[in-house]
Amino acid sequence: MTILVTGGAGFIGSNFVLDWLATSSEPVVTLDALTYAGNLNNLKSLESDARHSFVRGSIGDTALVARLLRSHDVRAVINFAAESHVDRSISGPAPFFETNVMGTLGLLEAVRGYFAQRSDFRFLHVSTDEVYGTLERDEPAFAETNPYRPNSPYAASKASSDHLVRAYRETYGLPVLVTNCSNNYGPLQFPEKLIPLMIHNALAGKALPVYGDGLQVRDWLYVGDHCSALRRVLEAGSLGETYNVGGNNQKTNIEVVRALCALLDRKRPKADGTSYAGQITHVTDRPGHDRRYAIDACKIERELGWSPAEAFESGLEKTVDWYLANENWVADVTSGAYREWVARQYG
Ligand code: NAD
Ligand code: TYD
């Protein structure tokens, strides 16, 4: 038996594949289009591992996915593939709908033609809490019953994909599961998202751009905890159900940035003795910026016995340590050299 992981060269997907193969003997096929966010170096340690195979391609290529499902006798698909960055969705929404909506449609079509062949087949769609919109300061955290109210093009595209997955369950009986997770952080995250961007800019002596007043709240989850939640949902989740996944770590952005500066001050003090916090710069706010996200993860805890293991402080320290030890990784993904290699390798 094999699992098919789409988007497995990205941040969460590659953490999931590495974690899966470290603790299970079941083979993995990774399907990834290798966009700017996909990095094969994330999976380098699996190069000579016979349990792992990599295929470059799009989830929207129904014929390709159908071939992979049959030839590997796939028993589960975990769909991470997406355009994932809100700021990019604001400056150019179209790719978000091409990948997150039309791509997911193509993937679902391949699964529709296949799932009846395996009575144990499962399709796990990985989504975000951003589909629920924004919360006021005192509102209760998002539960699975909250209405969808996406505010960014990214969130709207993910909401559409969730609806498609649900529709395929109702209409065609696909054995689906959906997870809606809060903001992840940890190793291998592309340095456009808040935490790795701030580490990268701090070390480069650049400004740390905090949008607006920096009092927006996100509910941070260490990526390893997200992976363990997904495994749990895959093995024990009830078909057709949605599970919210969160870290119970609500922090304002400015708190997070200050915590990062304090860690860097300790671990990589600046030559002139000043704090990295001096680089914090408040900049124009993001349009339509959601003020607060918070996840009520009671359902997954009650029904599947999952809860996060990593405290925010230790997770953040591990993350800083990883980026300090892997400055080459950041240099690679932000330079043209890796993209040129992908072009030579795959055309
Ligand atoms: P990412 O941007 O790091 O990785 C996305 C991966 O998908 C990349 O490897 C990219 O090459 C690949 N991809 C893009 N288009 C593709 C296509 N058409 N076919 C195949 N592969 C394609 O994203 P991430 O942060 O790892 O997020 C993974 C999933 O988890 C996304 O669906 C995202 O919406 C969801 N999610 C992310 C977070 C977060 O905090 N990062 C939180 C909750 C949910
Ligand atoms: P981000 O990592 O882009 O995730 P999301 O928008 O999906 O929550 O941003 C996390 C928070 O940090 C969000 O409130 C926007 C804010 N932010 C900044 O203040 N400055 C930045 O440079 C970035 C990238 C994000």
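Right above here is the structure, for reference.
Residues numbered from 1 in each chain as written. Chains lettered and ligands numbered in written order. Predicted model: local features only at pLDDT ≥ 70, side-chain atom pairs only at ≥ 80, totals over all residues. Heavy atoms only, no water.

A.B. asks: Which residues make up the overall build of the chain, and what values do they have?
C.D. replies: Helices and strands together make up the secondary structure of the chain, namely twelve helices and 13 strands. For 347 residues, the compact-globule estimate of 2.2 N^0.38 gives 20 Å, and the C-alpha radius of gyration of the chain, at 20 Å, lies within 12% of that figure. Here the C-alpha coordinates of the chain stretch approximately 65 × 50 × 35 Å along the principal axes. The 347 residues of the chain split such that 53% are buried. For the chain, long-range pairs separated by at least 24 residues make up 81% of all intrachain contacts whose partners lie at least 6 apart in sequence. Summing over all exposed atoms, the chain offers an accessible surface of approximately 14400 Å²; the carbon and sulfur share of this is 51%. (Helix = DSSP H or I, 4+ residues; strand = E, 2+ residues; numbered from the N terminus. Rg over C-alpha atoms; globule rule 2.2 N^0.38 Å. Buried < 20%, exposed > 50% of the residue type's maximum accessible area, 1.4 Å probe, protein only. Contact = heavy atoms within 4.5 Å. Areas by Shrake-Rupley, 256 points an atom, 1.4 Å probe, with all protein chains shown as cover.)

A.B. asks: So what's going on with the nonpolar core? Which residues, and what values?
C.D. replies: Ranked by internal contacts, the top residues of the largest apolar core, which has 67 residues, are Phe16, Ile78 and Ile300. Ranked by residue count, the leading element in this core is helix 8 (residues 253-267), at seven residues. Contact partners of isoleucine 78, with chain neighbours within four places excluded, come to Ile3, Leu4, Val5, Thr6, Phe16, Leu124, Val126 and Leu234. (Core = buried A, V, L, I, M, F, W, Y, C linked by side-chain atoms within 4.5 Å.)

A.B. asks: Any chance you could break down the side chain of aspartate 290 for me, citing the residues and the numbers?
C.D. replies: Within the secondary structure, aspartate 290 sits in the loop between strand 13 (280-283) and helix 9 (298-304). Despite its burial, aspartate 290 pairs with no opposite charge, the nearest such side chain being arginine 218 at 5.4 Å. Only 2.6 Å separates the side chain of aspartate 290 from the side chain of tyrosine 293, close enough to count as a polar contact. (Lys, Arg positive; Asp, Glu negative; His and termini not counted. Salt bridge = Lys/Arg side-chain N within 4 Å of Asp/Glu carboxyl O. Polar contact = N/O pair within 3.5 Å; in protein donor to acceptor, adjacent residues only side chain to side chain.)

A.B. asks: Lay out the site of ligand 1 with the relevant residues and their values.
C.D. replies: Taken together, 28 residues lie around ligand 1, and Ile12, Asp32, Ser84, Tyr154 and Lys158 are the ones closest in. In this structure, an oxygen atom belonging to ligand 1 sits 2.5 Å away from a side-chain N or O atom of aspartate 32. Within the side chain of serine 84, one N or O atom sits 2.7 Å away from an oxygen atom of ligand 1. Across the complex, the protein chains shield 96% of the 830 Å² of accessible surface that ligand 1 would expose by itself. Every element with two or more residues in the shell around ligand 1 is listed here: helix 1 (11-23), strand 5 (122-128) and helix 5 (153-172). Among the elements that make up the shell around ligand 1, the one with the highest residue count is strand 5 (three residues). Its residues placed into classes, the shell around ligand 1 shows 13 nonpolar, 13 polar and two charged. (Near = heavy atom within 4 Å. Nonpolar A, V, L, I, M, F, W, Y, C, P; charged D, E, K, R; others polar.)

A.B. asks: Run through the pattern of salt bridges, naming residues and quoting values.
C.D. replies: Throughout the structure, instances matching the rule amount to 20 salt bridges. Here glutamate 26 makes a salt bridge to arginine 75, at a shortest N to O gap of 2.7 Å. You can see glutamate 26 sitting in the loop between helix 1 and strand 2 (28-32) and its partner arginine 75 sitting in strand 4 (residues 74-79), a full 49 residues away along the chain. As a salt-bridge pair, lysine 267 and glutamate 317 come within 2.9 Å of each other at their nearest N and O atoms. Here the residue lysine 267 occupies a position in helix 8, and glutamate 317 occupies one in helix 10 (residues 312-325), the gap between them amounting to 50 residues. Of the residues examined, lysine 267 reaches a relative accessible area of 27% and is grouped as partly exposed. Salt bridges here are not isolated pairs; linked through shared partners, they connect Arg266, Lys267, Glu317 and Asp321.

A.B. asks: Provide a residue-level description of the sheet that holds strand 5, including the pertinent values.
C.D. replies: Read across the sheet, seven strands follow the order 3-2-1-4-5-6-11 without closing on themselves; strand pairing throughout is parallel. Because the sheet does not close on itself, it has two edges, and the strands there are strand 3 (52-56) and strand 11 (242-245). Neighbour to neighbour, the strand axes of the sheet diverge by 20 degrees on average, direction disregarded. Two elements, strand 1 (residues 2-6) and strand 2, share four bridges in a ladder whose sense is parallel. Residue pairing for strand 2: isoleucine 3 is matched across the bridge by valine 28. In this fold helix 1 packs onto strand 1, strand 2, strand 3 and strand 4, with an angle of close to 160 degrees to the strand it touches most, strand 1. (Pairing = 2+ DSSP bridges. Axes fitted to C-alpha atoms, helices over the stretch in contact; angles between N-to-C directions.)

A.B. asks: Help me get a handle on the environment of glutamate 98, residues and values and all.
C.D. replies: On the secondary structure map, glutamate 98 appears in helix 4 (residues 94-112). The spacing of glutamate 98 and serine 157 is 59 residues in sequence and 9.0 Å in space, taken between C-alpha atoms.

A.B. asks: Give me the packing of helix 2 (residues 62-71) against helix 4: which residues, what numbers.
C.D. replies: In helix packing, the relevant descriptors are the interaxial angle and the interaxial distance, both defined with respect to the helix axes. Between helix 2 and helix 4, the least distance of the axes is 8 Å, while the angle of their chain directions is 40 degrees. The orientation of helix 2 with respect to helix 4, classified from their angle, is oblique. Along this stretch, helix 2 crosses helix 4, giving a crossing that reads as right-handed. Where helix 2 abuts helix 4, its residues Thr62, Val65, Ala66 and Leu69 lie against Gly106, Leu107, Glu109, Ala110 and Val111. Taken together, the residues that form the contact of helix 2 with helix 4 break down as six nonpolar, two polar and one charged. (Parallel < 35°, antiparallel > 145°, perpendicular 65-115°, else oblique. Left-handed = near helix turned anticlockwise from the far one by under 90°.)

A.B. asks: Got a sec to walk through the site of ligand 2? Specific residues and values, please.
C.D. replies: Taken together, 18 residues surround ligand 2, and among them Glu130, Pro209, Arg218, Arg286 and His289 come closest. In the model, an oxygen atom of ligand 2 is placed 2.9 Å from a nitrogen or oxygen of the tyrosine 211 main chain. Histidine 289 is positioned with one of its side-chain polar atoms (N or O) 2.7 Å from an oxygen atom of ligand 2. Protein chains bury 97% of the 500 Å² of accessible surface belonging to ligand 2 in isolation. Of all elements in the fold, only helix 3 (86-91), helix 6 (194-203) and strand 8 (208-211) reach the threshold of two or more residues within the shell around ligand 2. A per-class count over the shell around ligand 2 returns eight nonpolar, four polar and six charged.

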